[in-house]
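Structural overview for review
What follows is the residue order along each chain.
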Amino acid sequence: MRTLGMGQRHGYAGEMTDRVLRNSDPGDPEAAVHAELTTRLSELRRQPRLDAVVEASRAAVLVSVPRLRSVHARLTRNSTGDGRGASRARWGARDTATVAALLLGLLAAGLVLPSPRNGRPALGVDEAAAWVGLSAIASASIFWLLERGRLTSFLLGAHTRGAARLYVVLGVVWTLVFAYMVGNWDEVDRFEPARATLGLVLLGIAVAGITALAVVARRRDRVALADPVTAAKDEWGHSEADADPLRQWWAALPSKLTPAERLAADRSYGATIDVLEREGVLRARDARRLRRKNAAAVWRGDAG
């Protein structure tokens, strides 16, 4: 489901709360739901269908269970789109460069090591050595250049605890490639060994460089993880502190309702689907599917 930006969502929720307060009718909850959603049709039609279902169903709950309005209004005021969640690691240019560096590092091995399928290498040592060395040294150089800003990156940030391990793996692979090339040096033209020798030297430098980088990365990660905020993050860069209070409130809503309120809330969800289908916001097949869906999942934000 395509989600709205946090600022847009909260602004929209604030407007919705105001209208709920004006239009609800405690004497006839279902009629109040119909009246409220009818006034919101132009806004709902401008949204993706599933977003419209979530927002409309939430508005209907606020109409059907009036005591929730004040809590919702307070959370809407206090919840911002640029709060703690902005500290999450997100994919960026550094991560794209990281993938490119990794592919180059693997290419260095793929060019010369025998294939597991047929036991033959893509190129002989004489032809491959220079390209192997260039690929490995380019990979190691990119990783070194990225190290300054790596701690907050998505793929290899300190929260992943994996940068040093990746560098060690590459170092081991390149060492195996180095040993293979030395062991098959008889394939090199002895009258023109310069290119192959240069490739072997570059590969050796790359092995030393990536090994040193593994040590540096391990030390920097240890220091970064001493910060409780970083240590609390999982491998995707998320932590409990990142959660939006308003979203958490909607997710926990069913547990906050009395049995009578839950019945009224469920009826409001059915009324929501009826209005959206009748007004053409939802197609008939989508409405049938959503009527079978648990209302609590939709309040949580999952209308898919």
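Residues numbered from 1 in each chain as written. Predicted model: local features only at pLDDT ≥ 70, side-chain atom pairs only at ≥ 80, totals over all residues. Heavy atoms only, no water.

So, about the overall build of the protein chain. When you go through the protein chain residue by residue, the secondary structure sums to 14 helices and zero strands. Going from the N terminus to the C terminus, the protein chain shows its helices and strands as α-α-α-α-α-α-α-α-α-α-α-α-α-α. Taking all 304 residues of the protein chain together, the buried fraction comes to 43%. (Helix = DSSP H or I, 4+ residues; strand = E, 2+ residues; numbered from the N terminus. Buried < 20%, exposed > 50% of the residue type's maximum accessible area, 1.4 Å probe, protein only.)

In terms of nonpolar packing, the biggest core is built from 37 residues, with Val53, Leu68, Trp250, Leu253 and Trp299 touching the most fellow members. Listed by contribution, the elements that provide at least two residues to this core are α2 (29-39), α3 (41-45), α4 (49-64), α5 (68-78), α11 (245-251), α12 (259-278), α13 (284-292) and α14 (295-300). Here Val53 is in contact with Ile273, Leu276, Leu282, Leu290, Val298 and Ala303, once residues within four sequence places are set aside. Core analysis: the second largest hydrophobic core is formed by 31 residues, Ala109, Ala128, Trp174 and Ala206 among them. (Core = buried A, V, L, I, M, F, W, Y, C linked by side-chain atoms within 4.5 Å. Contact = heavy atoms within 4.5 Å.)

All right, on to a positive patch on the surface then. Residues Arg49, Arg285, Arg288 and Arg292 make up a contiguous surface patch of positive charge. As for its position among the elements, Arg49 is in helix α4. Since its relative accessible area comes to 38%, Arg49 is described here as partly exposed. (Patch = residues over 30% accessible without salt bridge, like charges linked within 9 Å, V, L, I, M, F, W, Y side chains within 5 Å. Areas by Shrake-Rupley, 256 points an atom, 1.4 Å probe, with all protein chains shown as cover. Salt bridge = Lys/Arg side-chain N within 4 Å of Asp/Glu carboxyl O. Lys, Arg positive; Asp, Glu negative; His and termini not counted. Charge placed at Lys NZ, Arg CZ, Asp CG, Glu CD.)

Let us now look at a nonpolar patch on the surface. A grouping of Trp91, Val99, Leu103 and Leu106 is seen on the molecular surface, where their side chains present a nonpolar patch of about 400 Å² in accessible area. Structurally, Leu103 is set in helix α6 (residues 93-110). Classification of Leu103 by relative accessible area gives exposed; the value is 54%.

With that settled, consider empty space enclosed by the protein. Tallied over the full model, the rule gives one cavity of 30 Å³ or more. Computed from the structure, the largest cavity encloses a volume of approximately 40 Å³. Arg94, Thr98, Phe143, Leu146, Arg150, Ser153, Leu156 and Tyr167 together form the lining of the largest cavity. Put simply, the parts of the chain that give the lining of the largest cavity at least two residues each are α6 and α7 (125-146). For the lining of the largest cavity, a count of residues per class yields four nonpolar, two polar and two charged. (1 Å grid on protein atoms, 1.4 Å probe; cavity = no way out; pocket = protein on both sides within 12 Å on 5 of 7 lines; lining within 4 Å. Points joined across faces, edges and corners; volume = space filled by probe spheres on them. Nonpolar A, V, L, I, M, F, W, Y, C, P; charged D, E, K, R; others polar.)

A separate point is α13. Regarding α13, the residues found buried are Asp286, Ala287 and Leu290. Take α13 and look down its axis: the buried residues cluster within an arc of 100 degrees, on one side only. Facing away from the buried side of α13 by over 90 degrees, the exposed positions are Arg285 and Arg292. Its buried side turned inward, α13 meets α4 and α12. (Arc of directions from axis to C-beta.)

Our focus in this paragraph is a negative patch on the surface. On the surface, Asp126, Glu127, Asp186, Glu187, Asp189 and Glu192 cluster together into a patch of negative charge. Note on placement: Glu192 falls in the loop between α8 (163-183) and α9 (194-224).

Relative to the helices and strands, Ala251 is located in helix α11. Note on Ala251: relative accessible area 36%, which makes it partly exposed. Separated by 48 residues in sequence, Ala251 and Trp299 place their C-alpha atoms 6.8 Å apart.

What follows is about the pattern of salt bridges. According to the stated counting rule, one finds 12 salt bridges in the structure shown. Among the salt bridges present, the one from Arg283 reaches Asp286, with a minimum N-O distance of 3.0 Å. Arg283 sits in the partly exposed class, given a relative accessible area of 38%. Among the ionic contacts, a cluster of salt bridges with common partners joins Glu147, Arg150, Arg220 and Asp221.

All quantities given are derived from atomic positions and should not be read as evidence of function.
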